[in-house]
Amino acid sequence: MLDREETDVAADRAQDALQTLRETARAAGLELGPQEVHPLLRALGGGPPGSEEALRRALLDVRRRAWRERLAVLKARAGALPVSPADLDLAVTAVSNPAADDGELLAALREAVLARLGGYDTPAAALAAALDDLPRATPGEANLDAVGHCAALVAEAFALPAPDAAAFARRAVETERRRRSERREAARAARETRAKEERRLKAWEASLVGGEAVPSLLGCTREEAERWIRAGLVPVARRVEVRRGGRTTREAEFDPEVLGRLRGAVPDWRRSTGERPAEARRTARDEGRGGSNAAVARVAGLDRYAAHFATARALDRRLVACLGPTNSGKTYFGLSQLAQAESGIILGPLRLLAHEYREALEAQGIATALSTGEERIVVPGSRHTAATVEMCPFRTPLDIAVIDEAQMLADPERGPAWTAAIMGVPARTVIILGAPDAAPMLRRIASLCGDPLEEVRLERMGPLVAARDPVPFGEIGRGDAVIAFSRREVFELRAELLRRGRTVAVVYGALGPTVRRAEARRFREGEAEVLVATDAIGMGLNIGPLRRVIFSSLRKFDGEQERPLTVQEIKQIGGRAGRFSGEHAEGIVAVLAGGGDPAEIAHALAAPPAAPRDLRPPVAPDADIVAAVAAEIGTDSLFGTLRRIERSVLRRDDPNYRLGDLSTQIAIAEAVDGVRELSLLDRWTYAMCPVDERDEGISRLTDWAVEHAMGLAVAPPRAGRLPPPDRASQDALQLAERVHRRLVAWRWMAMRFPEVYRNMDGAMAESRRLNEWIEAVLAARPSVPKPRVRSDARGSGAFARYLVRG
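Residues numbered from 1 in each chain as written. Predicted model: local features only at pLDDT ≥ 70, side-chain atom pairs only at ≥ 80, totals over all residues. Heavy atoms only, no water.

**Student:** Tell me what's going on with the overall build of the protein chain, and back it up with residues and numbers.
**Tutor:** Scanning the protein chain for helices and strands turns up 31 helices and 21 strands. Every one of the 806 residues in the protein chain was classed for burial, and the buried ones make up 51%. A sequence separation of at least 24 residues applies to 74% of the contacts in the protein chain between residues at least 6 apart. Total accessible area on the protein chain is roughly 36800 Å²; 50% of this is exposed by carbon and sulfur atoms. (Helix = DSSP H or I, 4+ residues; strand = E, 2+ residues; numbered from the N terminus. Buried < 20%, exposed > 50% of the residue type's maximum accessible area, 1.4 Å probe, protein only. Contact = heavy atoms within 4.5 Å. Areas by Shrake-Rupley, 256 points an atom, 1.4 Å probe, with all protein chains shown as cover.)

**Student:** An account of the nonpolar core is needed here, citing residue identities and associated values.
**Tutor:** Counting residues in each nonpolar core, the largest one holds 164 residues, and the members touching the most others are Phe551 and Tyr757. The element best represented in this core is helix α29 (residues 730-752), accounting for eleven residues. If sequence neighbours within four positions are ignored, Phe551 has contacts with Ile483, Phe485, Leu565, Ile570, Ile573, Gly574, Val589, Ala590, Val591, Leu592 and Ile601. (Core = buried A, V, L, I, M, F, W, Y, C linked by side-chain atoms within 4.5 Å.)

**Student:** A description of unusual backbone geometry should follow, citing residues and the corresponding values.
**Tutor:** With glycine set apart, most residues show a phi of negative sign, and most peptide bonds adopt trans. One non-glycine residue with positive phi stands out, namely Ala159, at about 55°. Considering the arrangement of structural elements, one finds Ala159 in the loop between α7 (144-157) and α8 (162-207). On the accessibility criterion, Ala159 (64% relative accessible area) is exposed.

**Student:** Explain the side chain of Thr326 to me, using residue names and the numbers behind them.
**Tutor:** Along the chain, Thr326 falls in the loop between β4 (318-323) and α16 (330-339). For Thr326, a relative accessible area of 15% puts it in the buried group. With near-sequence residues (within four places) excluded, Thr326 lies in contact with Arg460, Lys571, Gln572, Gly575 and Arg576.

**Student:** With reference to specific residues and values, describe helix α26 (residues 663-672).
**Tutor:** Residues of α26 that are buried: Thr664, Gln665, Ile666, Ile668, Ala669 and Val672. In the core, the buried residues of α26 are packed alongside α25 (638-649), α27 (680-687) and α28 (697-709).

**Student:** For the sheet that holds strand β12 (residues 464-466), give the residues involved together with the corresponding values.
**Tutor:** In space, the six strands of this open sheet follow the order β12-β19-β16-β13-β15-β14, with parallel pairing throughout. This sheet does not close on itself; its edge strands, each paired only once, are β12 and β14 (504-507). For this sheet the average axis-to-axis angle between neighbouring strands, irrespective of direction, equals 20°. Relative to strand β16 (residues 548-551), strand β13 (residues 480-483) is paired through four bridges, and the arrangement is parallel. Paired with Val482 across the strands is Ile550, a residue of β16. Strand contacts of helix α22 (residues 567-574): β12, β13, β16 and β19 (587-591), with the helix running at about 140° to β16, the strand carrying the most contacts. (Pairing = 2+ DSSP bridges. Axes fitted to C-alpha atoms, helices over the stretch in contact; angles between N-to-C directions.)

**Student:** So what about the sheet that holds strand β10 (residues 427-434)? Which residues, and what values?
**Tutor:** Strand pairs in the sheet, formed through backbone hydrogen bonds, run parallel or antiparallel to each other. Judged by pairing direction, the sheet is mixed, and its eight strands sit side by side in the order β7-β6-β8-β5-β9-β10-β4-β11 without closing on themselves. Looking at the sheet topology across the chains shown, the edges are occupied by β7 (375-377) and β11 (453-457). Sheet twist, expressed as the mean angle between neighbouring strand axes with direction ignored, is 15°. Sheet analysis places strand β5 (residues 344-348) next to strand β9 (residues 398-403), joined by four bridges and oriented parallel. Bridge pairing in β9 places Ile345 opposite Ala401. Lying on the sheet, helix α18 (residues 415-424) is in contact with β5, β9 and β10; it crosses β9 at an angle near 155°.

**Student:** Pulling in residues and values, what's your account of the packing of aromatic side chains?
**Tutor:** Evaluation of the coordinates by the stated rule reveals nine aromatic pairs. Centroid distance Tyr305 to Phe309: 5.2 Å. Interplanar angle 85°. Geometry classified as edge-to-face. Here the two residues Tyr305 and Phe309 agree in accessibility, since each one is buried. A centroid spacing of 5.7 Å and a plane angle of 25° characterise the contact between Tyr686 and Phe753, whose relative ring orientation is stacked. Placement of Tyr686 in helix α27 and of Phe753 in the loop between α29 and α30 (760-779) is noted, with a sequence separation of 67 residues between them. Each of the two residues, Tyr686 as well as Phe753, counts as buried. Its end group placed over the ring of Trp204, Arg644 keeps NZ or CZ at 5.1 Å from the ring centre. When the ring centre of Trp748 is taken as reference, the NZ or CZ atom of Arg752 above it lies at 3.7 Å. (Phe/Tyr/Trp six-rings, centres within 6.5 Å; stacked < 30°, edge-to-face > 60°. Lys NZ or Arg CZ within 6 Å of the ring centre and 35° of its normal.)

**Student:** Any chance you could break down the pairing of β13 for me, citing the residues and the numbers?
**Tutor:** One face of the sheet, then the other: side chains in a regular strand alternate in exactly this way. Of the two faces of β13, both are covered, the one formed by Asp480 and Val482 as well as the one formed by Ala481 and Ile483. Looking at chain direction, β13 and strand β15 (residues 530-533) are connected through four bridges and run parallel. If you follow Ile483 over to β15, its bridge partner there is Ala533.

**Student:** Any details on the packing of α16 against helix α17 (residues 351-363)? Residues and values, ideally.
**Tutor:** Two elements in contact, α16 and α17, have axes separated by 11 Å at closest approach and are oriented at 50°. On the basis of the axis angle, α16 is oblique to α17. Relative to α17, the crossing made by α16 is right-handed. Facing Thr331, Leu335, Leu338 and Ala339 of α16, the residues of α17 in contact are Tyr357, Ala360 and Leu361. In terms of residue class, the contact of α16 with α17 is made up of six nonpolar, one polar and no charged. (Parallel < 35°, antiparallel > 145°, perpendicular 65-115°, else oblique. Left-handed = near helix turned anticlockwise from the far one by under 90°. Nonpolar A, V, L, I, M, F, W, Y, C, P; charged D, E, K, R; others polar.)

**Student:** So what about the pattern of salt bridges? Which residues, and what values?
**Tutor:** Here the idea is simple: oppositely charged side chains can pair when their charged atoms come close. Tallying each qualifying case throughout the model produces 64 salt bridges. The partner of Arg643 in a salt bridge is Glu198, with the nearest N and O atoms 3.2 Å apart. Of this pair, Arg643 sits in helix α25 while Glu198 sits in helix α8, placing them 445 residues apart in sequence. Pair check on accessibility: Arg643 and Glu198 agree, each one buried. (Salt bridge = Lys/Arg side-chain N within 4 Å of Asp/Glu carboxyl O.)

**Student:** Hey, could you go over the environment of Glu356 for me, with residue numbers and the actual values?
**Tutor:** Secondary-structure assignment places Glu356 in helix α17. For Glu356 and Arg517, which are 161 residues apart along the polypeptide, the C-alpha to C-alpha distance reads 9.6 Å.

**Student:** A description of the pairing of strand β6 (residues 368-372) should follow, citing residues and the corresponding values.
**Tutor:** Taken across its five residues, β6 has five buried, putting it largely inside the fold. Residue alternation in β6 divides its side chains into two sets, Thr368, Leu370 and Thr372 and Ala369 and Ser371, and both sets are buried. Alignment of β6 against strand β8 (residues 384-388), held across four bridges, turns out to be parallel. Bridging from a neighbouring strand, Ser371 pairs with Ala387 of β8.

**Student:** So, the environment of Pro463: which residues are in play, and what are the values?
**Tutor:** Among the structural elements, Pro463 can be located in the loop between β11 and β12. Residue class for Pro463 comes out partly exposed when judged on its relative accessible area of 48%.

**Student:** Requested: an account of the side chain of Thr193, with residues and values cited.
**Tutor:** If you trace the backbone, Thr193 turns up in helix α8. Apart from residues no more than four positions distant in its own chain, Thr193 is found in contact with Ser637, Asp673 and Arg676.

**Student:** Which residues make up the environment of Ala165, and what are the values?
**Tutor:** For Ala165, the location among the structural elements is in helix α8. Spatially, the C-alpha atom of Ala165 lies 6.6 Å from that of Ala152, the residues being 13 residues apart in sequence. Excluding residues within four positions of it along the chain, Ala165 makes contact with Ala155 and Leu160.

**Student:** Talk me through the confidence of the model for the protein chain; I want residue IDs and the actual numbers.
**Tutor:** For the protein chain, the mean per-residue pLDDT works out to 85, and 87% of the residues sit at or above 70. Here helix α31 (residues 797-805) is the element of the protein chain with the lowest mean pLDDT, 46, and β9 is the one with the highest, 98. Here residues 274-290 is a poorly scored stretch, pLDDT under 50, and it has 30 contacts once near neighbours within four places are set aside; other chains count. Under a pLDDT of 50 for its full length, residues 799-806 has, in the predicted model, 20 contacts with residues more than four places off or in other chains. (pLDDT = per-residue confidence, 0-100.)

This is how it looks when you write it as structure tokens:
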């Protein structure tokens, strides 16, 4: 009975609050829509408004969500207004009239755009940003009239005098017209080049003949042809799969043009193959030159990759593989050995790690330089360097080289950099650090190099155990790291933890090294109780006091499909647990309730090291190989050169090496091949630039190449004015992250073409500004509602299921 009375009282109070709300609205001259009443009551805390002003503020908060959606529609109609997502947020915040119409909303949006454009250093930088934000009339291009309107907005933002504003707008339109003409010409040339190279490749493949045609083309018997093929005198152009009688076999095909040139060598082969096989093979090599696949393969020499590194091969090198699980002291071992050497280098996968290596050596009083793709720190007199693996030097001998994270050899894209570093670093002692899974491939590399290999095995310094039961969300606490597999899920988890009163640090792939380290420091020093991260924490980041690693799910979307986590992924990420309170205590690896079976974690932690399925080290061409192959096949096309390398330089059944993934380089080559004012090797440099393909990175890189060819300076990307960190939306945060990634690519190019990418100081200043702003956003503790989970959300894992259950 009492419960019913309480319910009736609550209902009466709610009705009174509703009546007071409507009366206050009428008194204030405000019309409330039927869908606004209940959100308003929630915004007012469930009670009546204390005053008309309180009602006005609450109504503004409710209507701003709808206004933002309305402005997104209106900006498309406006056409020539360069609007960023952050502009929408600032515009709706600036509107103070709850009854604002479309005209007032657009006026507020225009003022927000002007304020942002005025926040750039120069009108030119503001115009470049504005053109990026213009809606596209056709793919990739905005109307030229809109370019003029953008220029006029920029002139207004910078308060340029009328004559200067008109001149600025004219120059902007003319420069953009010329740039577009060059882009179209480059695109046309690239299409033509690709078609030509594809035709050339198909014609060559169509001309190949089977083994049965070799005797007639060489003028020999079948037995002689088979013997000379086995001896390597007759080059195999390629091997193709053929199905005969229910079985699939790989059969050799031959280039008739090459066989025709080799016919004159047959008499010498008959005289010399028994007594002087090496001389016969030299004759075959000389006669077979001329653009054939065999000749191209010989020029590239990827099947003899270790021989490329002349300085390393001239040294009496010793390889030491120091292998062990996470938290076994591998990096400490390597740095200790390096610190005792007169000269040396340490190579790792990330710029962030290179900085940490350098700081560790400097702390021991060892002057250490830094070398990464987009940054150099030169220390006069230093004989030690910390670097990313792609920056490995190959000519100057050193006492010791330390190469970290050797299990990256299995990575299809970056693995070739580890192969090159391990095979080619010119150090008398090469210390290789990595997971035990890397051992078989390291033994293969040592054998190919002819270097002795010593294996040192380290054990984990504290036990690592799997939790028996899943972890309820409410039990996540101080010292825990929760692992998600998408940026979106990281922020969902963060929002719910903040709502529950926890302090949170976050680490994910889109963050730059500076911000990652700052977030790790917040967690390490206790400012944040919980760390929410993607698998980006699995490699190297100094997280410090970590009690438990809790996977939100034991499945992840890897870009192609959702799949279970591998044993190595669970070990690598879960192995970060176990350094709580500064002691090597027991580390616990768990899964969030609803995210999977804890027995899977126990199985993975107990599993022995598993060798990669393919033990052949991956290799990739460098600039010298690209130039040599292009000269051999007689082309200036980077696309054609890389396609030929991909198709013919290294046989799929080569016993020693496999070709790394060149898909990104080929995609960039296809785009920049039409910029013919750039040399082949300049285009190869562009193809090696780290770009984010999800952010139109290849298109942007091609635009930079066109400006390079036009003799223009390529300006560094900028984000313009950003909202206060405590009011930053996800759109504003993602914009800052995108611009930061573009700056990484820009600085990488500036290290190679400083005369074109000139404003390095400006790029570094913008990177620092963005890092500081992003860091402030992540450290802020906004008032956040319980996250909404979309039914189509991919990869939300246990957390999504937890919220659905309520």
